[in-house]
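Structural characterization, general
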Amino acid sequence: MKVPESGMPNETYWESLFDIPLILDRLNIDRSVGEVAELGCGYGTFTIPVAQRISGPLFTFDIEASMIARTRSRAADEGVLNITPALRDVLSLGFGLHPESCDAVLLFNILHFPRPEKLVRQAAAVLRLGGRVLAIHWRSDLQTPRGPPVHLRPKRADASRWADAAGLTVTATVDLPPWHFGVALTKNAIPPV
Ligand SMILES: C[S@@+](CC[C@H](N)C(=O)[O-])C[C@H]1O[C@@H](n2cnc3c(N)ncnc32)[C@H](O)[C@@H]1O
């Protein structure tokens, strides 16, 4: 099932809406991060720069063939070799990766549907101990130039409910100016009581 309100505007416009280096810095995406999974590569807006920062492979999925094709072509043009794009309905099928294989799962601009806990559990299942679900989304407390209707947008406070449902711990909540916030949910060795 395609997430409602997850269609994309023009690529250049979309990519003018984010400070990508700031987002990746504040989410601590660097060489210490190995294998990564991403739900919804879109144009590869985050896929390409994340792949360039990490030390492992990046498995990215999208339900739209045109988005997979665009991301694959950008990766080839930029000589980024550690990206594996695949057409997949992740909401219906999960990630299809080995359990406990990933250091991070990226859920960027996607968690605006009812009861995303199942998806967060699917993401948690592929995280190794110490791995993180990293989610960003449009803020609801600002007028933003784009984004799904405010009543559909997840809020920062929702993160603890997602974490509880998936046996994760909220370890960071950050502003990602100009329009986004981000959260990190970490898989601990000992689940919180
Ligand atoms: C709003 S875009 C965000 C893309 C990218 N994460 C970003 O922030 O630039 C959401 C993407 O998720 C994809 N998508 C929606 N539902 C999906 C599903 N069930 N499985 C895989 N991809 C999905 C859409 O096709 C779209 O490319």
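Up top is the structure.
As a starting point, this report considers the structure included with it.

Thresholds applied
Residues numbered from 1 in each chain as written. Predicted model: local features only at pLDDT ≥ 70, side-chain atom pairs only at ≥ 80, totals over all residues. Heavy atoms only, no water. Near = heavy atom within 4 Å. Polar contact = N/O pair within 3.5 Å; in protein donor to acceptor, adjacent residues only side chain to side chain. Areas by Shrake-Rupley, 256 points an atom, 1.4 Å probe, with all protein chains shown as cover. Nonpolar A, V, L, I, M, F, W, Y, C, P; charged D, E, K, R; others polar. Axes fitted to C-alpha atoms, helices over the stretch in contact; angles between N-to-C directions. Helix = DSSP H or I, 4+ residues; strand = E, 2+ residues; numbered from the N terminus. Parallel < 35°, antiparallel > 145°, perpendicular 65-115°, else oblique. Left-handed = near helix turned anticlockwise from the far one by under 90°. Contact = heavy atoms within 4.5 Å. Disulfide = S-S within 2.5 Å. Expected span 1.5 Å × (residues − 1). Buried < 20%, exposed > 50% of the residue type's maximum accessible area, 1.4 Å probe, protein only. Arc of directions from axis to C-beta. Salt bridge = Lys/Arg side-chain N within 4 Å of Asp/Glu carboxyl O.

**Remarks on the site of the ligand**
The environment of the ligand is formed by 23 residues, the closest being Met1, Trp14, Gly40, Asp62 and Asn109. The backbone of Ile63 places a nitrogen or oxygen atom 3.1 Å from a nitrogen atom of the ligand. Taking Arg88, its main chain carries an N or O atom lying 3.4 Å from a nitrogen atom of the ligand. Look at the ligand: alone it shows 600 Å² of surface, and the protein chains cover 98% of it. Residues that form the shell around the ligand fall into these classes: 13 nonpolar, five polar and five charged.

**Considerations on the packing of helix 6 (residues 117–125) against helix 7 (residues 158–166)**
Running from amino to carboxyl end, helix 6 crosses helix 7 at an angle of 55°, the nearest separation of the two axes being 8 Å. By the angle between their directions, the pair helix 6 and helix 7 is classed as oblique. As for how helix 6 packs across helix 7, the hand of that crossing is right-handed. Across the interface between the two elements, Glu117, Val120, Arg121 and Ala124 from helix 6 touch Arg161, Trp162, Ala165 and Ala166 from helix 7.

**What to know about the state of the cysteines**
Evaluated as defined, the whole model comprises zero disulfides. With no disulfide of its own, Cys41 lies closest to Cys102 among cysteine sulfurs, the gap being 15 Å.

**Quick notes on unusual backbone geometry**
Looking along the chain, the bond that leaves Pro177 and enters Pro178 is cis, with omega of 15°. Structurally, Pro178 is set in the loop between strand 6 (169–176) and strand 7 (180–186). You will see that Glu100, though not glycine, has its phi angle at about 55°, which is positive. Positive phi, close to 60°, is recorded for Asn109, a residue that is not glycine.

**Some words on helix 4 (residues 65–78)**
Compared with an ideal rise of 1.5 Å per residue, which puts 14 residues at 20 Å, helix 4 spans 20 Å between its outermost C-alpha atoms and is within 8% of the ideal. For helix 4, the set of buried residues is Met67, Ile68, Thr71, Arg74 and Ala75. Along the long axis of helix 4, the arc covered by the buried residues comes to 135°, so they all point the same way. For helix 4, the exposed residues lying more than 90 degrees away from the buried face are Ala76 and Asp77. Where helix 4 is buried, its residues touch helix 1 (11–15), helix 3 (47–53), strand 2 (58–62) and strand 3 (83–87).

**Focus: the pattern of salt bridges**
Applying the stated rule across the entire model yields 12 salt bridges. Between Lys187 and Glu100 there is a salt bridge, with its nearest N and O atoms 3.6 Å apart. Taken together, the residues Lys187 in the segment after strand 7 and Glu100 in the loop between helix 5 (90–93) and strand 4 (102–108) connect sequence positions 87 residues apart. Using a relative accessible area of 45% as the deciding quantity, one classes Glu100 as partly exposed. For Asp175, the salt bridge is made with Arg139, and the minimal N-O distance between the two is 3.8 Å.

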